[in-house]
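Take a look at the letters that make up each chain.
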Amino acid sequence: MLGLEKKDLRLLLIVIGLTMLAPFILNPFPEGSEMAQFNAGYPDLMQRFVIFGIFAIGFNILFGLTGYLSFGHAAFLGVGSYAAVWMFKLLSMNVLPAIILSVIIAGLFSLLIGFISLRRSGIYFSILTLAFAQMSFALAYSVLTPITGGETGLQLALDDPRIFGAAQTATGNIPVPALFGLEMRASYELALGNWLFTFNAGYYLAALFLILSFYLAIRIFRSPFGMMLRAIKSNQTRMSYTGLNSRPYTLAAFVISGMYAGLAGGLMASMDPLAGAERMQWTASGEVVLMTILGGAGTLIGPVLGAGMIKYFENIFSKINDTILHGWFAFLPDGLENFVVAIIHPFIGKGWHLTLGLVFMLVVIFLPGGLVQGGQKIAAMFRRKQPEDAKSKATEPAE
Amino acid sequence: MSNSKFSRRGVLKTGMVASAGLALPQYLRADAHAGFTNAPGDSEVILGFNVPQTGPYADEGADELRAYELAVEHLNGGGDGGMLGTFSSKALDGTGILGREVKYVTGDTQTKSDAARASARSMIEKDGAIMITGGSSSGVAVAVQALCQEAGVIFMAGLTHSNDTTGKDKRANGFRHFFNSYMSGAALAPVLAANYGTDRKAYHLTADYNWGYTTEEAVKSSTEAMGWETVNAVKTPLTQTDFSSYIAPVLNSGADVLVLNHYGGNMVNSLTNAVQFGLREAQANGKNFEIVVPLYSRLMARGAGANVAGIFGSTNWHWSLQDAGSQAFTRSFGTKYGFPPSQAAHTTYVQTLLYADAVTRAGSFNPCAVAEALEDFEFDGLGNGPTLYRGADHQCFKDVLVVKGKENPENEFDLLEIVEVTPVEQVTYAPDHPQFAGGALGTCNPGA
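Residues numbered from 1 in each chain as written. Chains lettered and ligands numbered in written order. Predicted model: local features only at pLDDT ≥ 70, side-chain atom pairs only at ≥ 80, totals over all residues.

*Asks:* When you look at the pairing of strand 12 (residues 312-315) of chain B in this model, what are you seeing that I'm missing?
*Replies:* Residues and elements named next belong to chain B. Burial along strand 12 is two-sided: Phe312 and Ser314 facing one way and Gly313 and Thr315 facing the other are all buried. For strand 11 (residues 290-295) and strand 12, the ladder comprises two bridges, and the chain directions are parallel. Within the sheet, the bridge partner assigned to Leu295 lies in strand 12 and is Ser314. With helix 9 (residues 298-304) bridging strand 11 and its parallel neighbour strand 12, the resulting β-α-β unit is right-handed. (Buried ≥ 20, exposed ≤ 12 C-beta atoms within 10 Å, placed from the backbone. Helix = DSSP H or I, 4+ residues; strand = E, 2+ residues; numbered from the N terminus. Pairing = 2+ DSSP bridges. Right-handed = clockwise from strand over helix to strand, strands pointing away.)

Laid out in structure tokens, this is it:
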């Protein structure tokens, strides 16, 4: 079905299941319990999971298939967001034109940068993309302030034209992004006993785009084009000796992955209509590299898992503070309680970077194939019958 | 490889699945709670403290968080009550807010608009925060303020000095207690004229982002109004750490005053460079060369060390003020943490109290009722003398302190001395002043 092999179809169905049931899966702990801190099923984080998932899937098409490590991918995400917010300002608050334009603009921008950067490969390519991204960031932060809003970011205002929609709502507020009247912020809350599940319109729109992106990525991975990209990764010199010009293929992969980033940027602006220059900073570009490696570069589902993992740490661990810790360990005697809190303190709140760093190191050292390899190892433990089969399916690390 | 077999049945099936997926969101609607976003229960109310815990302003963020914790303690009746005793409004009695115990959640803004908005959204969507406060950069404050407007909660700005926060980017749900660039310029100009004369030539170095622009404009227009001349204004990248190449041309430019529109680490580095280049001892146009830093903070003064001695600047509040409110706050902060509070701590503490008081006076947590209670509210006893929360732009109007780096500081906290308290009349401006033009408050949004 859908031109997919059985295995890929199963993977796609798993992704569809996970995204559609995410409000349940991410809220395993009842409201008001101590563990509710670890619930991730609120609209903002769920949206971030799938949006960064799209971003990482796109990045993986370039990095995982061709081995070209772009260190400036956040620039395309940023350009996409700016394009989307400008559509909200000028055209209307409907998200569709905004998303379409952001994909197109990011595609054009990546065509330009890719055309120049792909003249080199390896580390030189990475440095070139990094330089372009930092340049875009610096321009957006200061010189291009009239277009990008500078440090404050590009925001909507009450006096924007919005030619195909109302500039203000009846109550005198800025309208919110919507899909033909369905507000992206609208949520339906379902209370089951002590559990509260939130179904958010914006999340499901983004999830739909994730499924489409994932499907497209499978098709690319399994296509002759994808095979060509893999060939470039394994030995580009041999490719050129056989008389094949590989640059059109790498450029195509670069543009496709830039458009994915643009889609992610457009969706981000649709969920929260503001575009800031930090989105293009090198740390943001580094983040998507981490997501891909953490999840498993070159695998289909890996980048999505990696994106979810990093966003989870950023949003959940950074919000745990000492007061909450004292709440958890209140059952211990006072001295011991303070001791345990002091031990955990460096890893939570402002220390979330540290925790993430440790996890990243563990993954890279023990699971070079990323979380996907971890999953395969666990699966292999339960399926001892066909060890050679599991071995042949094991993921190869990216480099 | 690719095996595209588009059978009629397959296409139909796919179409059904896709249309079901598309139709699904149509069944979703905004939740049906009447009234306003995150209406608190009967026993507790949750406030969201969104401060930079990592990144360049982590010091300010840490101090803000300490002040918030202190404010919550005082609101719940703990500690010595701090400024509750000196506050002119007596609505708060130490039993929480409207009888509900105050709880709080914290988040890390990373001094990035995106991260700050993500953190604020999680406080609103997950933790049910009724009010968001914090931030120590104008970019973040403006971004979070816009978010709170959309979501329908009150935003009490922390450390944000740019004119834009209550100027072109003002929002009906957002309130700022801190002073702004215009006030700095208006307060500094007369002091500069009295000390350095009215025929000076100024050279500006400006951090290349919104706050830098508004501060440069404010200082420029105030000093030019009293006769100064601006020789040149150079933008410096925010990430710059070595300002030598920017300082070198200053001496030969014909200027005799250097204005550093820098904040935080930028200011520490540029001032240190300027002093190393011997600008303090230099002579230009037959006068002593002078340096001015429009926005001072104690944390910055500590970073720059002895270089700040004798340099003028402005600040929102300083712990050495002698009024009852400042003393009460400095005492309870010092008792709890062992050192005096910074101006960031002061403004965030006051903002929390002001919010709690407004809710109590309004008798409701509804953001619109709270906003109404805050608008044109006059109060005293919170450390800045009589203060007005102006309804037209949600900016506080109060006296501004002009300070100078101490020549012989006694300890690491005693770095600034107050030169003059500029009265509020002198720093007041019309809501449609050109430096604040271009925005609209809109109407308050109570959310769902």
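*Asks:* Sorry, what's going on with the domain arrangement of chain B here?
*Replies:* The extent of an interface is frequently quoted as the accessible surface area lost upon association of the parts. All names here are of chain B. Entries for chain B in the domain assignment read domain 1 (44-179 + 320-398) and domain 2 (182-315). Centre-to-centre, using C-alpha coordinates, domain 1 lies 30 Å away from domain 2. Sorting the residues of the side of domain 1 that touches domain 2 by element identifies helix 2 (58-75), helix 4 (138-151) and helix 11 (343-362) as the ones contributing at least two each. In terms of residue class, the side of domain 1 that touches domain 2 is built from four nonpolar, seven polar and three charged. (Domains from an automatic or database assignment. Nonpolar A, V, L, I, M, F, W, Y, C, P; charged D, E, K, R; others polar.)

*Asks:* Even after reading the chapter, I still don't get the pairing of strand 2 (residues 101-108) of chain B, so can you show me in this structure?
*Replies:* Every other side chain in a regular strand lies on the same face of the sheet, so the side chains alternate between the two faces. When you tally the buried positions in strand 2 of chain B, you get six out of eight residues, the bulk of the element. In this view, the connection linking strand 1 (residues 44-51) of chain B to its parallel neighbour strand 2 of chain B by way of helix 2 of chain B has right-handed handedness.

*Asks:* So what exactly am I meant to see when it comes to the packing of helix 3 (residues 43-66) of chain A against helix 8 (residues 201-222) of chain A here?
*Replies:* Axis angle and axis distance: for two packed helices, these are the angle between their axes and the distance between the axes, and together they describe the pair. All names here are of chain A. Running from amino to carboxyl end, helix 3 crosses helix 8 at an angle of 20 degrees, the nearest separation of the two axes being 9 Å. Here helix 3 lies roughly parallel to helix 8, going by the angle between them. As helix 3 runs across helix 8, the sense of the crossing is left-handed. In this structure, helix 3 uses Pro43, Met46, Gln47, Val50, Ile51, Gly53, Ile54, Ile57 and Ile61 to contact helix 8, whose residues at the interface are Gly202, Tyr203, Ala206, Ala207, Phe209, Leu210, Ser213, Phe214, Ala217 and Ile220. (Axes fitted to C-alpha atoms, helices over the stretch in contact; angles between N-to-C directions. Parallel < 35°, antiparallel > 145°, perpendicular 65-115°, else oblique. Left-handed = near helix turned anticlockwise from the far one by under 90°. Contact = placed C-beta atoms within 7 Å.)

*Asks:* Would you take a moment to explain the sheet that holds strand 12 of chain B for this structure?
*Replies:* By way of backbone hydrogen bonds, the strands of a sheet pair with one another, either parallel or antiparallel. Residues and elements named next belong to chain B. Spatially, the seven strands line up as an open sheet ordered 7-6-8-11-12-16-17, and their pairing is mixed. The open sheet has two free edges, formed respectively by strand 7 (229-236) and strand 17 (416-422), since each of these has just one partner strand. Each strand axis lies, on average, 25 degrees off the axis of its neighbour in the sheet, ignoring direction. Pairing of strand 6 (residues 201-207) with strand 8 (residues 257-261), which is carried by five bridges, proceeds in the parallel orientation. Along strand 8, the bridge assignment pairs Tyr203 with Leu258. Contacts from helix 6 (residues 210-225) reach strand 6, strand 7, strand 8 and strand 11 within the one sheet, and its direction differs from that of strand 6 by about 165 degrees.

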